[in-house]
Amino acid sequence: MSWQSVPSSIGTGSVEGSSLRRKTGCALSMSYGPGGVVLRRVRAGDLSDVVIAPPEVVEILIGEGRVVAGSQRLIARSVIGVAVRAGAAKPNIDTTDDLRRALLTARSVAYTDPATGAASGVHFAEILNRFGIADEVKAKAKSAATDVPYQWVLRRMFLGRFLDSDKVYFPEGSGFRLTELAPNVQHVVGGGANNLIVAMKDGIVIVDAPVDEGQSRWVIDAAKAKYPGKPIKQLVMTHHHMDHSGGSRAYVAEGAEIVIPGQARPFFEKMFAAEHKLAPDALTQQSKPAKIVDVKDTMSLKDDTVEINLYNIPNPHADGMIIGHVVGPNLVWVTDLISPRGPIGRSPNTVAVGDALRKANITGSTIVGGHGTTAKQAEIGQALAAN
Ligand SMILES: [Zn+2]
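If you're wondering where the values come from, they're calculated on a predicted model, not measured in any experiment. Note on numbering: residues in each chain are counted from 1, in written sequence order. Predicted model: local features are reported for residues with pLDDT of at least 70 only, side-chain atom pairs are reported and counted for 80 or more only, and whole-chain, interface and lining totals are derived from all residues.

Looking now at the overall build of the protein. A count of helical and extended segments in the protein gives 14 helices and 17 strands. In the protein, once contacts between residues fewer than 6 apart in sequence are set aside, the share between residues at least 24 apart is 61%. Runs of E in the DSSP output that reach at least two residues are strands. Runs of H or I that reach at least four are helices, and both are numbered from the N terminus. Contacts here follow a simple rule: the backbone-placed C-beta atoms of the two residues must lie within 7 Å.

Structure follows, in structure tokens:
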């Protein structure tokens with residue numbers, strides 16, 4: 001069985017009604033959830049101007065004084081549908097007896113858990129009781145996931161992790177390219193988020209792994225072509241956010257050590273241990289344990305040609321954030337806290353970088369962005385100034 005997915009609430013959220021805004025100047029933000037989730041969220045103080053929910057939920061909220069009595073309007077009816085797996089024979093459900101028989105003979109039945117308060121789940125549980133087959137069906141029931149983080153899913157889809165198009169990385173006609181910052185340092189630009197390639201004496205260090213393994217594959221190949229004979233030794237992850245970490249599994253498959261801010265360890269351990277079943281990636285195809293190294297405070301990657309100092313810095317953007325200083329050419333890699341794409345204003349993010357540079361006695365450097373291009377430390381003094 002399946003359930004009808006009906007928007008059941010307008011609450012605080014991040015879907016913007018852009019056409020409404022164009023017409024009225026009024027910004028609308030909405031979020032969706034099953035009836036029971038809406039109930040819990042309103043009770044938890046997630047306030048909104050309008051709540052759209054099944055009548056039972058609205059009645060409860062009126063009873064609790066959370067919705068104005070008399071303000072409710074019936075605006076829609078939703079139907080509950082039945083679906084079978086693609087290719088499976090359609091069962092006869094013309095009469096209630098047919099439906100009852102179909103439910104009893106099905107190998108498995110999936111429906112929304114009535115405990116969530118979702119209207120379809122509650123209604124379906126009532127039907128099972130009425131048919132007198134609640135126990136039989138429950139025994140082979142598969143409940144649909146609850147509290148699905150819709151916005152998270154939409155963002156991941158926006159990032160294109162399962163879209164079969166190169167446009168996920170860059171606009172039509174564009175592409176990744178290397179910008180040379182020093183003979184042994186390349187900035188990978190052209191996509192939505194960048195990497196840094198640093199060639200050391202006996203191996204290559206990459207910083208960040210944006211989006212997914214498609215970008216990682218390009219970067220690994222480009223790094224090996226640029227610096228022949230050197231393996232990818234380390235991947236430094238600045239922080240765990242998906243738009244910079246989604247491609248990190250490719251580096252585990254490549255055999256690189258993964259250097260992370262210590263706070264992000266549970267996230268990365270889980271990510272590297274997971275199996276990619278929908279789109280099997282390199283790590284799923286050649287599973288191997290990840291070598292993860294925490295940066296608690298500072299760490300140095302050093303040989304007699306290059307010195308890279310990593311700093312895990314306090315900042316408002318992510319719990320655990322590394323900036324990296326390539327000492328010789330005096331380059332400071334910064335992701336998200338500063339994104340050189342035009343004038344850089346002062347914010348708690350830029351001040352956090354300023355504080356870290358002062359603490360490490362770094363002056364006259366070039367800031368190299370995880371987004372955008374580069375900026376001279378000396379030219380953005382205002383943004384870096386201490387509070
Ligand atoms: Zn981030």
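So, about the confidence of the model for the protein. Confidence scores here are pLDDT values: one per residue, from the predictor, ranging 0 to 100. Here the protein averages 86 in pLDDT, while 87% of its residues score no lower than 70. Of the regions scoring below 50 in pLDDT, residues 1–17 engages in 64 contacts with residues more than four places distant in sequence or in other chains.

Moving on: the sheet that holds strand 16 (residues 366–369). DSSP calls a pair of strands paired once it identifies at least 2 bridges connecting them. Strand order in this open sheet of 6 strands is 12-13-14-15-16-17, and the pairing throughout is mixed. Single-partner strands in this sheet number two, and they are strand 12 (298–302) and strand 17 (374–376). Each strand of the sheet is rotated relative to its neighbour by a mean of 20°, with strand direction disregarded. The pairing of strand 13 (residues 307–312) with strand 14 (residues 322–326) spans 5 bridges and is antiparallel. Paired with tyrosine 311 across the two strands is isoleucine 323, which belongs to strand 14. Structural elements are reduced to axes, namely lines fitted to C-alpha atoms, with helices fitted over the stretch in contact, and the angle between N-to-C directions of any two is expressed from 0 to 180 degrees.

Take unusual backbone geometry next. A positive phi is found at aspartate 208, a non-glycine position, where the angle reads about 70°. Along the chain, aspartate 208 turns up in the loop between strand 8 (204–207) and helix 8 (213–226). Partly exposed residues are those falling between the two cut-offs: more than 12 but fewer than 20 other C-beta atoms within 10 Å of their own, whereas 20 or more means buried and 12 or fewer means exposed, with C-beta atoms placed from the backbone. In this structure aspartate 208 comes out as buried when scored by C-beta crowding, with 28 C-beta atoms within 10 Å.

This part is about the sheet that holds strand 5 (residues 177–182). Through backbone hydrogen bonds, the strands of a sheet pair up, either in parallel or in antiparallel fashion. Strand order across the open sheet formed by 7 strands is 5-6-7-8-9-10-11, with mixed pairing between neighbours. Each edge of the open sheet is held by one strand with a lone partner, namely strand 5 and strand 11 (291–295). The sheet shows a mean angle of 25° between the axes of neighbouring strands, direction not considered. Sheet topology note: the strand 5/strand 6 (residues 185–189) ladder contains 5 bridges and is antiparallel. By the bridge assignment for strand 6, glutamate 180 is matched with glutamine 186. With respect to the sheet, helix 11 (residues 265–273) is in contact with strand 10 (257–261) and strand 11, its orientation differing from that of strand 11 by roughly 170°.

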